[in-house]
Amino acid sequence: MGKQFVKEITSMNEDFPQWYTDVVKKADLVDYSSVRGSMIIRPYGYVLWENIKSALDQKIKETGHENVYMPLFIPESLLQKEKDHIEGFAPEVAWVTHGGEDELAERLCVRPTSEVLFGEHYKNIIHSYRDLPKLYNQWSNVVRWEKTTRPFLRTLEFLWQEGHTCHATDEEALEETVKMLEVYADICENLLAIPVVKGKKTEKEKFAGAKLTYTIESLMHDGKALQSGTSHHLGDGFAKAFGIQFTDQDGKEQYVQQTSWGFTTRIIGAMIMVHGDDRGLVLPPKVAPKQVMIVPIAQHKDGVLDFAYDLKEKLNKVARVDLDASDKKPGWKFNEYEMKGVPIRLEVGPKDIEKGQVVLARRDTGEKMVTPLANLEETIVQLLEGIQTSLYHKAKEHRNDHTYEAYTYEEFKQIFNEKQGFVKAMWCGNQACEEKIKEDTSVTSRCMPFDETAIAKVCVCCKEEAKHLVYWAKAY
């Protein structure tokens, strides 16, 4: 029965997109709604978001930010105030045209992001240098009318946080932009065990209306990249559009310098694609809803269930523990919790109780170990730490093994014809080369890494003098 259960998941090497869809459905993370491209996040999926949100919210508050909430609807005239911004979002905007039976005098946009809402608000509350910096964050949903959708990765509606801040100087805004990118990188690497490349987006790929965009990029198991978090230095473009000014210490009127930054539920998709395998989810212990699942063996025998419940109560002091006392067979339970990615399975039966031991099984490696009850709590803590570290190093090794260097355009194209992954190559800074590369290979620039150590002197595309090292990849 176990083998048949696992066969319900398509092999990732056979059809990676179908594997992904199978996993998110069969692990009870999501269900489809009656609206195309919208997902119902089920409890097991939502608790993943809650765990991520809790950790990130704490870090956001530790860096001095306050949480606020902005309206869901944006008047069309307000959205039009920042020209580059609305042009960038126009294809994805959902519009409300009627209230009940009545046509609205002005269309309302269902927020795709909230720069203009914060801009309007900041104009009303910022007057002096004493009002700065203004460090706000919002947890909310947004709507973007995507043409192609996939659960978590790209949906019409998704959950996220969006930070919006105002500063007196360009330097302060830049410092904020980089600081929040580092917060995102920390969440990815230390909570989700996803290694990232940190860098700056090209002019073509930056956020609409921003002065510059910083990004963290991660590599999925199939060799495609995923933009995992972005932080934008908005400069004074929105400030000028909305009239957000303050009187500085010399009594002069100045425009504020702004930032915005966001982290979304798509990171759950990234975690699935970085760590998952043909048996389903593999969850990093720090974010896993349940870190240990107790499966009683021969639970109908006297004392087994009582012992298992006592064990659960004891272990709950050091980990998130659950127990499956249902009448399903142990083999079914094993497969169920492997599918759901629970980091450790604990098996205990009459013989184990007699010998003062339990059997622990690691989800990431499948390794089983007999562990004495005497030091079980300590073993569980160490094992969870080991799994967390192991998942990160395994993902980093995979990324490194699928990161290549290209020195000529022929070599660049050949790599993407034969392989998937990151390619490091030099770029002249000319958008025409960037567009040619995308047209020829369906590859986009992911970022110019903070460490821009040159690997050649000329652009991989046009052979003119190179200005930047770029990570290139096919991306989600």
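This structure is a prediction, so every number in the text was calculated from the model and none was measured.

Reading the values: rules and limits
- Residues numbered from 1 in each chain as written.
- Predicted model: local features only at pLDDT ≥ 70, side-chain atom pairs only at ≥ 80, totals over all residues.
- Heavy atoms only, no water.
- Helix = DSSP H or I, 4+ residues; strand = E, 2+ residues; numbered from the N terminus.
- Rg over C-alpha atoms; globule rule 2.2 N^0.38 Å.
- Buried < 20%, exposed > 50% of the residue type's maximum accessible area, 1.4 Å probe, protein only.
- Contact = heavy atoms within 4.5 Å.
- Areas by Shrake-Rupley, 256 points an atom, 1.4 Å probe, with all protein chains shown as cover.
- Lys, Arg positive; Asp, Glu negative; His and termini not counted.
- Charge placed at Lys NZ, Arg CZ, Asp CG, Glu CD.
- Pairing = 2+ DSSP bridges.
- Axes fitted to C-alpha atoms, helices over the stretch in contact; angles between N-to-C directions.
- Core = buried A, V, L, I, M, F, W, Y, C linked by side-chain atoms within 4.5 Å.
- Phe/Tyr/Trp six-rings, centres within 6.5 Å; stacked < 30°, edge-to-face > 60°.
- Lys NZ or Arg CZ within 6 Å of the ring centre and 35° of its normal.
- Salt bridge = Lys/Arg side-chain N within 4 Å of Asp/Glu carboxyl O.
- Expected span 1.5 Å × (residues − 1).

Draft legend 1. Spatial organisation of the overall build of the chain. A count of helical and extended segments in the chain gives 15 helices and 23 strands. Taking 23 Å as the expected radius of gyration for a compact globule of 476 residues, we find that the chain reaches 25 Å, a close match to that expectation. Principal axes of the C-alpha set define a box for the chain whose edges measure 80 × 55 × 50 Å. Relative to its full complement of 476 residues, the chain shows a buried share of 53%. The long-range share in the chain, meaning contacts at least 24 apart out of those at least 6 apart in sequence, stands at 68%. Of the roughly 21500 Å² that the chain leaves accessible, carbon and sulfur atoms contribute 47%. Separation of charge centres in the chain, based on 62 positive and 74 negative side chains, amounts to 4 Å.

Draft legend 2. Fine view of the sheet that holds strand E16 (residues 321–323). The strand order across the open sheet formed by five strands is E16-E15-E17-E18-E19, and the pairing between neighbours is mixed. Of all the strands in the sheet, the pair left with one neighbour each is E16 and strand E19 (368–372). Averaged over neighbouring strand pairs, the angle between their axes works out to 25° when direction is ignored. Two strands pair when backbone bridges link them, and strand E18 (residues 357–362) and E19 are joined in this way by five bridges, in the antiparallel orientation. Across the sheet, residue Gln357 finds its bridge partner in E19, namely Pro372. Seen against the sheet, helix H10 (residues 304–315) touches strand E15 (292–296), E16, strand E17 (344–348) and E18 and runs at an angle of roughly 165° to E16. Packing against the sheet, helix H11 (residues 330–339) makes contact with E15 and E17, and its axis sits at approximately 170° to E15.

Draft legend 3. Main features of the nonpolar core. In terms of nonpolar packing, the biggest core is built from 58 residues, with Leu29 and Ile272 touching the most fellow members. Where this core is concerned, the elements lending two or more residues are helix H2 (16–26), helix H3 (43–62), helix H7 (170–191), strand E10 (212–219), strand E14 (257–264), helix H9 (266–275), E15 and H11. Examining the composition of this core, we find that eight residues originate from one element, H7, more than from any other. Apart from the residues lying within four places of it in its own chain, the contact partners of Ile272 are Trp19, Tyr20, Val23, Val24, Leu29, Phe152 and Leu281. With 25 residues, the next largest nonpolar core counts Ile86, Phe89, Phe118 and Tyr136 among its residues.

Draft legend 4. Geometry of the packing of aromatic side chains. This model, assessed by the stated rule, comprises twelve aromatic pairs. Measuring from centroid to centroid gives 6.0 Å for Trp49 and Trp139, while their planes differ by 70°, and the two rings are edge-to-face. With Trp49 in helix H3 and Trp139 in strand E7 (residues 134–143), this residue pair connects regions lying 90 residues apart in the sequence. Neither residue differs from the other here; Trp49 and Trp139 are each classed as buried. One aromatic cluster in this structure is built from Tyr409, Phe412, Phe416 and Trp472. When the ring centre of Trp95 is taken as reference, the NZ or CZ atom of Arg107 above it lies at 3.9 Å. Lying over the aromatic face of Phe334, Arg345 brings its terminal NZ or CZ to 4.0 Å of the ring centre.

Draft legend 5. The pattern of salt bridges, seen in detail. Tallied over the entire structure, the rule returns 25 salt bridges. Its salt-bridge partner being Lys26, residue Glu8 comes within 3.9 Å of it at the nearest N-O pair. Remark: Lys26 occurs in helix H2 and Glu8 occurs in the loop between helix H1 (2–6) and H2; sequence separation between them is 18 residues. The salt bridge involving Arg363 is made with Asp277; its shortest N-O contact spans 2.7 Å. Within this pair, whereas Arg363 is found in the loop between E18 and E19, its partner Asp277 is found in the loop between H9 and E15, the two being separated by 86 residues in sequence. Looking at Arg363, the relative accessible area reads 8%, which means it is buried. Within the structure, one salt-bridge network assembled from shared partners comprises Arg279, Glu338, Arg345, Glu347 and Lys368.

Draft legend 6. Seen up close, H3. The terminal C-alpha atoms of H3 lie 28 Å apart, and with 20 residues this matches the ideal 28 Å at 1.5 Å per residue to within 8%. Burial in H3 covers these residues: Tyr44, Gly45, Leu48, Trp49, Ile52, Leu56, Asp57 and Ile60. In the stretch just after H3, Gly64 is the one whose phi turns positive, near 95°.

Draft legend 7. Looking closely at the pairing of E17. For E17, the buried fraction is high: five of the five residues fall into the buried class. By the alternation rule, side chains of E17 split into Ile344, Leu346 and Val348 and Arg345 and Glu347, which are all buried. Where E15 meets E17, five bridges bridge the pair, whose relative direction is parallel. Within the sheet, the bridge partner assigned to Val292 lies in E17 and is Ile344. Of the strand pairs in this sheet, E17 and E18 are connected by four bridges, and their pairing is antiparallel. Following the sheet pairing, Leu346 is matched in E18 by Leu360.

Draft legend 8. Looking closely at the pairing of strand E11 (residues 225–235). Across the eleven residues that make up E11, a large majority, ten, are buried. Pairing of E10 with E11 involves eight bridges; the strand directions are antiparallel. Among the inter-strand pairings, Thr215 is bridged to a residue of E11, identified as Thr230. Hairpin geometry of E10 and E11 is characterised by an intervening segment of five residues between the two adjacent antiparallel strands and by a positive phi of about 90° at Gly223. Two elements, E11 and E14, share five bridges in a ladder whose sense is antiparallel. Residue pairing in the sheet places Gly235 in a bridge with Gln258 of E14.

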